[in-house]
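Topology and contacts: notes
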Amino acid sequence: MKDVELKMLERAKELLASGEVARVVGWKKGDFCYDPSPAVFKTVEELENGFVYDYFCGANLSKYLIDVSKKEGKTAVFLKPCDTYSFNQLVKEHRIKRENVYVIAVECMAKLDIEKIKAKGVSFVTGVEVVEKDVKVSSLYGETTLYKPEIVLEKCAVCNKTHQVKDEEIILHERPVRDVNRFAEVEKLEAMTEDERFAFWKEQLSKCIRCNACRNVCPACSCIKCVFDNPNSGIAAKANDSEFEEKMFHIIRAYHVAGRCTDCGECSRVCPQNIPLHLLNRKFIKDMDGLYGEYQAGESSEGKTPLTSYTEEDKEPNDVFNGEAK
Amino acid sequence: MQDVTTEKKEFTPNIVAFCCNWCSYAGADLAGSSRLTYPANVKIIRVPCSCRVNPMFILKAYQQGADGVILCGCHPGDCHYVTGNYYTRRRMATLFSFLNYMGIEKERTRVEWVSAAEGARFSAVMNDFVKTITELGENKRLSDLRVKEGE
Ligand code: SF4
Ligand code: SF4
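Residues numbered from 1 in each chain as written. Chains lettered and ligands numbered in written order. Predicted model: local features only at pLDDT ≥ 70, side-chain atom pairs only at ≥ 80, totals over all residues. Heavy atoms only, no water.

**Here's the deal with the packing of aromatic side chains**
Applying the stated criterion across every chain, the model contains 17 aromatic pairs over all chains. Each ring, one from A:Tyr34 and one from A:Phe56, has its centre 6.4 Å from the other, and the planes form 70 degrees; the classification is edge-to-face. Residue A:Tyr34 is located in the loop between β1 (23-28) and β2 (37-41), and its partner A:Phe56 is located in the loop between β3 (51-52) and α3 (65-68); the two are separated by 22 residues in the primary sequence. Comparing A:Tyr34 with A:Phe56 shows no difference in burial state: the two are buried. With centroids separated by 6.4 Å and ring planes inclined at 75 degrees, the aromatic side chains of B:Trp22 and B:Tyr81 adopt a geometry described as edge-to-face. Placement of the pair is B:Trp22 in the loop between β1 (15-20) and α1 (24-33) and B:Tyr81 in the loop between β3 (68-73) and α3 (84-101), with a sequence separation of 59 residues. Among the residues examined, B:Trp22 registers a relative accessible area of 38% and is labelled partly exposed. (Phe/Tyr/Trp six-rings, centres within 6.5 Å; stacked < 30°, edge-to-face > 60°. Helix = DSSP H or I, 4+ residues; strand = E, 2+ residues; numbered from the N terminus. Buried < 20%, exposed > 50% of the residue type's maximum accessible area, 1.4 Å probe, protein only.)

This is the structure:
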């Protein structure tokens, strides 16, 4: 990954120095090796001081373009395969000015999840080195080798996405295509009884602290005025009791992005309570695939979505459960 | 000790029925003028088209204490606005399936197509829905204490 990072840095510097772009959206070093964050670089110095691209750069940069693509001058952005779907979707919704953005497609060899590393008992991580499927994690207490498939982000574990947009690319290694079923966990839930499912979601969603991070990070949640900011909605803030009230927030949010969610996995990645939020919209995706034909949001920046089209033969709502007629 | 809960009142559910102006609401009218009865606990909300019903309306109804929500519109193909109810169909199909995935009883929410000429059907549909919800019991899974507190 170091070789890719160097190439990206070199290219970013070139683009800024020549004046071809006014800014570069990338990742910058954090306080620790595992918390790089999205950043806008405006000068070569800023790049030299802070630019990073490594196994912890899981953040999706596409949403930042809503704002910066409207500014003066062009913006260069580095997009991983999954990020390009969000990008397309935002172009489709007229949220990003495509002509103001220069997309550099970058390789992704699956990103690591620091929470999963910590859960393996390794804390105070100071660095990682990845060799094939082995991850050598160094920490203040020494070195441990972990098995990579067990510590990648959930979204990366089931991803087979490819770049949908590129003005140029920096890809030195190809991630092999794997045999994965992203709906496996949804299917497990579907096989449960109503009561079991309710108990499952009650347990999960009761952990929600309504920090709104899932909404804020979601590229599909890009409305300027959001229902959850309306104090009269009755759902704007954390319920003042220990009951299970946050389900409303989650049902509403899930439905708002249904048909537009690209399954980018950002919601699950940022949730401080580790709620498996991806299981919400994957249900919609699975149902819509089953009922209205396979559809991947963000594969194209044009065309209709399942919920904005219809056929005369569609199934009746009362008969539809689990994506097929009862 | 005497159990105070033994004299439980019979449960009468709160039902919200969204009816489209052109077919189902007219169907309800016809039921009325034909002196066909349907339970008084069905509260009808008139909407221009079944497709006016945003899934939020349904959730809001539950949040505010509805025990069952039914959405009625023109039969597919007969929409006053030509295609509105086709969108309703997809919207509600995905919503119902999702609510059930969250563990909400699937009988609680329903869509029925009722035309302006179907007064008898309107009354039958409502009687049947009220019966189903009465058997199912109170809506606990989608109520919201935040909203109920102020009552
Ligand atoms: S709902 Fe989650 S997975 Fe879907 S687009 Fe938003 S952040 Fe990505
Ligand atoms: S990020 Fe997690 S805790 Fe925060 S609002 Fe979303 S689900 Fe709740």
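So that's the structure; there's more coming.
**Here's the deal with the confidence of the model for chain B**
Looking at chain B as a whole, its pLDDT mean stands at 89, while 89% of the residues score no less than 70. Confidence estimates for the predicted assembly give a pTM of 0.91 and an ipTM of 0.90. (pLDDT = per-residue confidence, 0-100.)

**What to know about the domain arrangement of chain A**
It is common to report an interface's size as the accessible area lost on association of the parts. All names here are of chain A. Assigned domains of chain A: these are domain 1 (2-113 + 154-170), domain 2 (114-151) and domain 3 (184-325). On a C-alpha basis, the centres of domain 1 and domain 3 stand 27 Å from each other. Each side of the interface is counted separately: domain 1 has 21 residues, and domain 3 has 30 residues. Note on domain 1 versus domain 3: buried area summed over both sides is about 1900 Å², and carbon and sulfur give 46% of it. (Domains from an automatic or database assignment. Contact = heavy atoms within 4.5 Å. Buried area = accessible area lost by both parts, 1.4 Å probe.)

**Describing the site of ligand 1**
Residues and elements named next belong to chain A. Contacts to ligand 1 come from Cys218, Pro219, Arg253, Val257, Cys261, Thr262, Asp263, Cys264, Gly265, Glu266 and Cys267. Sorting the residues of the shell around ligand 1 by element identifies α10 (247-257) and α11 (266-270) as the ones contributing at least two each. The class makeup of the residues in the shell around ligand 1 is 6 nonpolar, 2 polar and 3 charged. (Near = heavy atom within 4 Å. Nonpolar A, V, L, I, M, F, W, Y, C, P; charged D, E, K, R; others polar.)

**Details of unusual backbone geometry**
Residues and elements named next belong to chain A. Of note in this structure, Phe124 is not a glycine but carries a positive phi near 50 degrees. Looking at where Phe124 falls in the secondary structure, it is placed in the loop between α5 (114-119) and β6 (125-131). Residue Arg210 is not a glycine yet carries a positive backbone phi of 55 degrees.

**A few points about helix α2 (residues 55-63) of chain B**
Taken together, the buried positions of α2(B) are occupied by B:Pro55, B:Ile58, B:Leu59, B:Ala61, B:Tyr62 and B:Gln63. Two to three positions downstream of the cap, the backbone nitrogen of B:Met56 sits 2.8 Å from a side-chain oxygen, assigning the N-cap of α2(B) to B:Asn54. (Polar contact = N/O pair within 3.5 Å; in protein donor to acceptor, adjacent residues only side chain to side chain.)

**Focus: the site of ligand 2**
Taken together, 13 residues lie near ligand 2, and A:Cys208, A:Cys211, A:Asn212, A:Cys214 and A:Cys271 sit nearest. The class makeup of the residues in the shell around ligand 2 is 9 nonpolar, 3 polar and 1 charged.

**Structural notes on the pattern of salt bridges**
Residues and elements named next belong to chain A. All told, the structure shown has 29 salt bridges over all chains when counted by the stated rule. Residue Arg182 pairs with Asp263 through a salt bridge whose shortest N-O separation is 2.7 Å. A residue pair is termed long-range when its members are at least 10 positions apart, and Arg182 in the loop between β9 (168-170) and α7 (184-190) and Asp263 in the loop between α10 and α11 qualify at 81 residues. Here the two residues Arg182 and Asp263 agree in accessibility, since each one is buried. (Salt bridge = Lys/Arg side-chain N within 4 Å of Asp/Glu carboxyl O.)

**Looking at the sheet that holds strand β7 (residues 134-139) of chain A**
Across a sheet, paired strands are connected by hydrogen bonds in the backbone, their directions being either parallel or antiparallel. All names here are of chain A. The antiparallel open sheet is built from 3 strands, whose spatial order is β6-β7-β8. Strand pairing shows two members of the sheet lacking a second neighbour, β6 and β8 (142-147), which therefore form its edges. Across this sheet, the average inter-strand angle for adjacent strands is 25 degrees, counted without regard to direction. Direction of pairing for β7 relative to β8: antiparallel, over a ladder of 6 bridges. Across the sheet, residue Ser138 finds its bridge partner in β8, namely Glu143. (Pairing = 2+ DSSP bridges. Axes fitted to C-alpha atoms, helices over the stretch in contact; angles between N-to-C directions.)

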